[in-house]
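Here is what each chain is made of, one letter per residue.
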Amino acid sequence: MASFSSEDQAMLQAMLRQLFQSVKEKITGAPSVECAEEILLHLEETDENFHNYEFVKYLRQHIGNTLGSMIEEEMEKCTSDQNQGEECGYDTVVQQVTKRTQESKEYKEMMHYLKNIMIVVVESMINKFEEDETRNQERQKKIQKEKSRSYCTDNCSDSDSSFNQSYKFCQGKLQLILDQLDPGQPKEVRYEALQTLCSAPPSDVLNCENWTALCEKLTVSLSDPDPVFSDRILKFCAQRFSLSPLHMTKEVYTSLAKYLESYFLSRENHIPTLSAGVDITNPDMTRLLKKVRLLNEYQKEAPSFWIRHPEKYMEEIVESTLSLLTVKHDQSHVVSEKILDPIYFFALVDTKAVWFKKWMHAHYSRTTVLRLLEKKYKSLITTAIQQCIQYFELCKTRRAEEALGHSKHCRKKQKTFYYLGRELQYIYFIHSLCLLGRLLIYKQGRKLFPIKLKNKKGLVSLVDLLVLFTQLIYYSPSFPKMTLATLSENYSPASMVTEVLWILCDQKECAVECLYNNIVIETLLQPIHNLMKGTEASPNCSETALIHIAGILARIASVEEGLTLLLYGANMNSSEESSTGAHIIAQFSKKLLDEDISIFSGSEMLPVVKGAFISVCRQIYSTCEGLQVLITYSLHESIAKAWKKTSLLSERIPTPVEGSDSVSSVSQESQNIMAWEDNLLDDLLHFAATPKGLLLLQRTGAISECMTFMFNRYAKKLQVSRHKKFGCGVLVTQVASTAAGGVALKKSGFVNELITELWSNLEYGRDDVRVTHPRSTPVDPIDRSCQKSFLALVNLLSYPTIYELIRNQDLPNKTEYSLREVPTCVIDIIDRLIILNSEAKIRSLFNYEQSHIFEKKHVLINDNPYPWPMFSSYPLPNCYLSDITRNAGIKQDNDLGKLLLCLKMSDKQTEWIVNCRRQFCKMMKAKPDIISGEALVELLEKFVLHLTESPSECYFPSVEYTATDANVKNESLSSVQQLGIKMTVRYGKFLNLLKDGAENDLTLVLKHFCLQGNYTGHDWFVSSLFMIMLGDKEKTFQFLRQFSRLLTSAFLWLPRLHISSYLPIDTVDSGIHPVYFCSTHYIEMLLKAELPLVFSAFHMSGFAPSQICLQWITQCFWNYLDWIEICHYIATCVFLGPDYQVYICIAIFKHLQQDILQHTQTQDLQVFLKEEALHGFRVSDYFEYMEMLEQNHRTVLLRDMRNIRLQST
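Remember, predicted model here, so these are calculated numbers, not experimental data.

Definitions and cut-offs
- Residues numbered from 1 in each chain as written.
- Predicted model: local features only at pLDDT ≥ 70, side-chain atom pairs only at ≥ 80, totals over all residues.
- Heavy atoms only, no water.
- Helix = DSSP H or I, 4+ residues; strand = E, 2+ residues; numbered from the N terminus.
- Buried < 20%, exposed > 50% of the residue type's maximum accessible area, 1.4 Å probe, protein only.
- Contact = heavy atoms within 4.5 Å.
- Areas by Shrake-Rupley, 256 points an atom, 1.4 Å probe, with all protein chains shown as cover.
- Phe/Tyr/Trp six-rings, centres within 6.5 Å; stacked < 30°, edge-to-face > 60°.
- Lys NZ or Arg CZ within 6 Å of the ring centre and 35° of its normal.
- Patch = residues over 30% accessible without salt bridge, like charges linked within 9 Å, V, L, I, M, F, W, Y side chains within 5 Å.
- Salt bridge = Lys/Arg side-chain N within 4 Å of Asp/Glu carboxyl O.
- Core = buried A, V, L, I, M, F, W, Y, C linked by side-chain atoms within 4.5 Å.
- Expected span 1.5 Å × (residues − 1).
- Axes fitted to C-alpha atoms, helices over the stretch in contact; angles between N-to-C directions.
- Parallel < 35°, antiparallel > 145°, perpendicular 65-115°, else oblique.
- Nonpolar A, V, L, I, M, F, W, Y, C, P; charged D, E, K, R; others polar.
- Polar contact = N/O pair within 3.5 Å; in protein donor to acceptor, adjacent residues only side chain to side chain.
- Lys, Arg positive; Asp, Glu negative; His and termini not counted.
- Charge placed at Lys NZ, Arg CZ, Asp CG, Glu CD.
- pLDDT = per-residue confidence, 0-100.
- Left-handed = near helix turned anticlockwise from the far one by under 90°.

Participant: Could you give an account of the overall build of the protein, naming the residues involved and the relevant values?
Facilitator: Along the backbone of the protein there are 64 helices and four strands. For the protein, buried positions account for 51% of its 1209 residues. Within the protein, contacts between residues separated by at least 24 positions form 76% of all contacts whose residues are at least 6 apart in sequence. Of the roughly 60,000 Å² of accessible surface on the protein, 51% is carried by carbon and sulfur atoms.

Pasting the structure below:
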């Protein structure tokens, strides 16, 4: 400091004066000290002359002299480190140098020096400022009426507060301002007082005792005839709103609200009438709208901070607002002229009532708003409803074109800022609509209904209000040239009502109480009723209105409660099923597709109308219960027909010629056709969401095109449908459950893409992950980054699909594999990742540890880490075999013998069957373990024999079978069947059920019953029955011949109907078994109704319950259930009916519910269900539950099961 001379101090003061003089305008315009400081801190970003200021040059030079050499050394060090292999960008270097510099001793000394000299300079400037301020105050006392310079000095004080100097706004100062603001004072004095007040710090003003009196004075001054003065008062209020704490802004707000309330109630003020309209260029109207807008802006901002303050502040703001909005003029002296109320002006500045939306969002403020509305200000709701009714009446009386206040179009044409009366009415209607829509979302808001209206009999209920909203959609006017792109962004009545109803649909509790009832649905469907009758839907009903209606119906159908209402109506037991919403929508959609409605023919919007209503149907038929209702309308055929027609049109579009005038029109036409074609394919694709729907899709012949469409969207990372929440996983799983679906997926490129994606993730890792350090050695069965791709492939590879993908193919087993050779099919994956039987395959893997983790563990740990010995062929080591069932013997139970003896005594066949079923259920509940062995054999034989003697129980005709063992001995079985025979015999011997020679007997039985064609799998039902019959070939043969006549055989014995003449030709051609399109369809349907959490878990996992159920049923639960439970599964279905196959699967899901939910969270549900046995499940434990399911669902299930032979579903 010794070297800092008085000349240096003067020089720095001059530099600072130059700086402050240059930024004076910016600082004095700042509303607060904090803002002024922010301006100075960011001056380099905002002032282009920043680096030309002498003070800045001085600082730069001083920093360079002090730290320049050190910064250069640090830069050289970083550069040297970079050359040695450490990767760091320019930004990183700058950060490192900056950090080291700021931590250096030189930097700290420099900052200490600068701080000391600046303190000296600033204190000197402050002292000089205080002397000047003292002289100014003395001059003001002597010449009070002379124009004061306090405004400038006050600003200087405010600006210099960053130098620890604060201007204190004393009590006497505020009183002086109060006196100077008096209307009797000269204009100049009042202006100066207001300027002084505006420049004062908010905290100083707030701490003065006269703040309340000042607030009242300012409120009175708002009516000052001088527009400049009143505007400056409004500016002061705006500053308080943005800078002051809530208890201060609350007083400003309530004062302004009370002023406006008295303004509207005063007869002295000129408030325009409704017929006269509002000219916003009128100075009086401009000032009034400014005040209303200021209040409205604060209304929208206050909820963000008022929760941090006492509730009384918020209550005062809310009550003053509601009091203002419910002001009504006393028009007893006026006959026909309606004076505009405050609500009209608030609607002008906030048409969609955003303020009310924000106030109702949080429970903190919503409670207060609703309480005050109920107790004191219910008229706000009443007038809003009345406004909606008046607008509806206006539309209904065909004066709609005049009623529509679509101000955008009007003002654009007239180039004025004048709102006509009808425009004001429309704006107020929109405001009322949005306010009421927001009110209905909340339970306490709905409790305000019903509401009594003036001049109207009865009460307005929630349903009445929703009916009114719905009618507004198709009664309100529309624009003939309205395009689809503008539907979502306009203020037309239909669009606004639709937006409100969409919001209500998204709130489940609200939708159930308001929308999900027959009256509202019937109102929505009324124009459709009229169109199908050949009459006009309603006055002015347009394509746009129908699109809006379809959008609302789609939202309703996407929710379980809404879907149920559309399917069955409010009374699910009603006999008039064809009159429910789903039937009407389906009929209308079919007429649109078949072009059976001529009203909108030729309209450009017709494809959009079709698409909108098919979208509603898609929401319905993509569910099992919905498809059951709509299946009679054959929508799949109509959609397929429309798609084929559109596909032909797209091929005929001429190629645009460059320079031709028709290029744009042809291009637009082609885009519309292609969009419509994609829409129809999407509609067809969603039939694959259910097993029975997949059968219908297969019958259309468009499954390959649908798979290609789905793959294209998947490849582009697009959502399969705007209504789907969990991607295309469920659709892929459903399609892959059938052989034809697997082939279509392969043709589309889907299989190739999944395999490539899996290989890429396993071998190369994700492209978007930057490797900065070596990866840790994986210890999980599969790395999390690869799990998604792995599960996608697991979903795809059901037995029918895997058979189609790998049949008649050999493993490549090459002697050498290129590192660039990527697998493209399933057989390649098996060759490269699973059967690693050569060094060449191992060497070809980049990431061997991850790609073959089991082998990795074996190699890394050489001291026999496994508790069980490894094996690769039969027989299994003894430690792998269970001791529980190994020596299980077969014993005859006395109770079961007595039951059989008792049943023989009945002479009446029907009575015997019913009694036998009842006794079987009783035995399964009490002593399930005795239903096994020879007793089970005898029981099955006698029961099936009695059933086949009753014509009513026989579903298939009797066929004379004359083939002998010698006739079929030379028949050949597939390799899969031969392997199945060996496994069956091995298992039977292990259970002491089969003896030597059983393999030949089982082979003969299978040859007798494998004449239906090339069945790809093994007949696990026959194998199971052969074991139940204890290896007796004759008993097995005789039982199967009798059993084949029963309906149950179609569902237990899958090869029974393979390429069967009993099935319709189109079903046989599809290759889809009744177990899939009937049994698993109802399993999904019942699962959704009985176990919704499990159903949701499947969808969240992208996995369909039908695929795993088909696998269980196809292999007769082998590898999943203990042998005794397999026997009980077969016996239960034989005794009680084929629908018990469905109930048993539902019981299994109930048993596994907690496991399913847990594995959904760990994202390995598919692996768990396919690889794990059904531990702890016993058929007998769930008999009462299955009887309940039978009581609720048997009628529908058996009816559909008996219809599998019908040609057309």
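Participant: With reference to specific residues and values, describe the packing of aromatic side chains.
Facilitator: All told, the structure shown has 43 aromatic pairs when counted by the stated rule. The interplanar angle of 5° and the centroid separation of 6.0 Å between the aromatic rings of Y191 and F229 together place this pair among those described as stacked. One end of the pair, Y191, is in helix 10 (residues 187-199); the other, F229, is in helix 13 (residues 227-243), and 38 residues separate them in sequence. Here Y799 and Y803 contribute two aromatic rings whose centre-to-centre distance is 6.1 Å and whose plane-to-plane angle is 35°, an arrangement assigned as tilted. Remark: Y803 and Y799 occur in helix 42 (residues 799-806); sequence separation between them is four residues, near one turn of the helix. Looking at Y803, the relative accessible area reads 25%, which means it is partly exposed. Aromatic ring contacts, followed pair by pair, group F1098, F1103, W1112, F1117, Y1120, Y1129 and F1149 into a single cluster. Directly above the ring of Y1185 sits K1150, whose terminal nitrogen or CZ lies 5.0 Å from the centroid.

Participant: Outline a nonpolar patch on the surface, supporting the account with residue identities and numerical values.
Facilitator: A surface patch of nonpolar side chains, about 350 Å² in accessible area, is lined by Y764, L819, V822 and F846. Mapped onto the elements of the fold, V822 is located in the loop between helix 42 and helix 43 (826-834). A relative accessible area of 31% means that V822 is categorised as partly exposed.

Participant: So, the nonpolar core: which residues are in play, and what are the values?
Facilitator: If you look at the biggest cluster of nonpolar residues, it comprises 332 residues, and the most contacted ones within it are L373, F469 and F1149. When residues in this core are grouped by element, the largest group, 12 residues, is from helix 23 (residues 421-440). Ignoring sequence-local partners within four residues, the contact set of F1149 consists of I1083, L1087, L1091, V1094, F1098, P1105, I1108, C1109, W1112 and I1156. V23, V56, L67 and M118 belong to the second-largest nonpolar core, a separate cluster that totals 24 residues.

Participant: Please set out helix 61 (residues 1139-1151) residue by residue, giving values where relevant.
Facilitator: For helix 61, which comprises 13 residues, the first-to-last C-alpha distance of 19 Å matches the rise-based estimate of 18 Å (1.5 Å per residue) to within 8%. Taken across its 13 residues, helix 61 has 11 buried, putting it largely inside the fold.

Participant: Tell me about the pattern of salt bridges, and please be specific about residues and values.
Facilitator: Within the structure shown, the criterion is met by 34 salt bridges. In the salt-bridge network here, residues are joined through shared partners; they are R293, E297 and K300.

Participant: Explain the packing of helix 17 (residues 342-349) against helix 23 residue by residue, including any values.
Facilitator: Relative orientation of the contacting elements helix 17 and helix 23 amounts to 80°, with a least axis distance of 9 Å. What the angle tells us is that helix 17 and helix 23 run roughly perpendicular. From helix 17, I343, Y344, F346, A347 and L348 reach across to helix 23, where they touch L424, Q425, I427, Y428 and H431. Among the residues forming the contact of helix 17 with helix 23, the class breakdown is eight nonpolar, two polar and no charged.

Participant: Account for the side chain of S748, naming residues and giving values.
Facilitator: Tracing the sequence through the fold places S748 in helix 39 (residues 739-748). We classify S748 as buried; its relative accessible area is 9%. A polar contact of 2.7 Å, which involves the side chain of S748, links it to the backbone oxygen of L745. One polar contact links the side chain of S748 to the main-chain amide nitrogen of F750, over a distance of 3.3 Å. Excluding residues that lie within four positions of it along the chain, S748 makes contacts with M707, T708 and F711.

Participant: Would you mind going over the side chain of T690 in detail, with residue names and values included?
Facilitator: Note on placement: T690 falls in the loop between helix 35 (663-685) and helix 36 (691-700). Looking at T690, the relative accessible area reads 1%, which means it is buried. A polar contact is formed between the side chain of T690 and the backbone nitrogen of G693, at a distance of 3.0 Å. If we ignore the near neighbours within four places in the chain, the residues touching T690 are Y621, S622, T623, C624, L627, Q734 and H1081.

Participant: Residues and numbers for a negative patch on the surface, please.
Facilitator: Together, E72, E73, E76, E106 and E109 make up a negatively charged patch on the protein surface. Put simply, the parts of the chain that give the negative patch at least two residues each are helix 5 (54-83) and helix 7 (105-142). Counting through the fold element by element, E73 comes out in helix 5.

Participant: Please provide a residue-by-residue account of the confidence of the model for the protein, values included.
Facilitator: Atom-level detail of predicted coordinates should not be read off regions where pLDDT is low. Looking at the protein as a whole, the pLDDT averages 82, with 82% of positions reaching at least 70. Mean pLDDT per element in the protein: helix 8 (residues 150-159) is the minimum at 37, and helix 61 is the maximum at 98. The model gives residues 405-415 a pLDDT under 50, and that stretch makes 14 contacts with residues more than four places away or in other chains. A low-confidence stretch, residues 885-890 stays under pLDDT 50, and its non-local contacts, those more than four residues away or across chains, total 14 contacts.

Participant: Break down unusual backbone geometry for me, with residues and values.
Facilitator: The omega torsion of the bond from F449 to P450 falls at 0°, within 30 degrees of zero and hence cis. Here P450 lies in the loop between helix 24 (443-446) and strand 3 (451-452). Backbone geometry places A353, a non-glycine residue, at a positive phi of 55°. Within the element layout of this structure, A353 appears in the loop between helix 17 and helix 18 (354-361). Accessibility expressed as a relative area gives 3% for A353, which makes it buried. Non-glycine residue N992 carries a positive phi angle of around 60°. Positionally, N992 belongs in the loop between helix 51 (975-990) and helix 52 (998-1008). Residue N992 is classed as partly exposed on the basis of its relative accessible area, which comes to 43%.

Participant: Can you explain the environment of K456? Please cite residues and give values.
Facilitator: Position of K456 relative to the elements: it lies in the loop between strand 3 and strand 4 (459-460). Given the relative accessible area of 37%, K456 is considered partly exposed. Once the C-alpha coordinates of K456 and Q386 are considered, the two residues, 70 residues apart in sequence, prove to be 9.8 Å apart.

Participant: Go over the environment of N52 with me, naming the residues and quoting the values.
Facilitator: Along the chain, N52 turns up in the loop between helix 4 (43-46) and helix 5. N52 sits in the partly exposed class, given a relative accessible area of 47%. When the C-alpha positions of N52 and L19 are compared, they lie 10.0 Å apart, and in sequence the two are 33 residues distant.

Participant: So, the packing of helix 20 (residues 379-396) against helix 25 (residues 462-475): which residues are in play, and what are the values?
Facilitator: For any two helices packed against each other, one specifies the crossing angle of their axes together with the interaxial distance. Between helix 20 and helix 25, the shortest axis-to-axis distance is 10 Å and the interhelical angle comes to 35°. At the point where helix 20 passes helix 25, the crossing takes the left-handed sense. Between helix 20 and helix 25, the contacting residues are I385, C388, I389, Y391, F392, C395 and K396 on the first element and L465, L468, F469, Q471, L472 and Y475 on the second. The class makeup of the residues in the contact of helix 20 with helix 25 is 11 nonpolar, one polar and one charged.

Participant: With reference to specific residues and values, describe helix 41 (residues 784-796).
Facilitator: At 3.6 residues per turn, the α-helix brings residues three or four places apart onto the same side. Between its terminal C-alpha atoms helix 41 stretches 19 Å, which fits the 18 Å expected from 13 residues at 1.5 Å a residue. For helix 41, every residue scored as buried is listed here: C786, Q787, S789, L791, L793, V794, N795 and L796.

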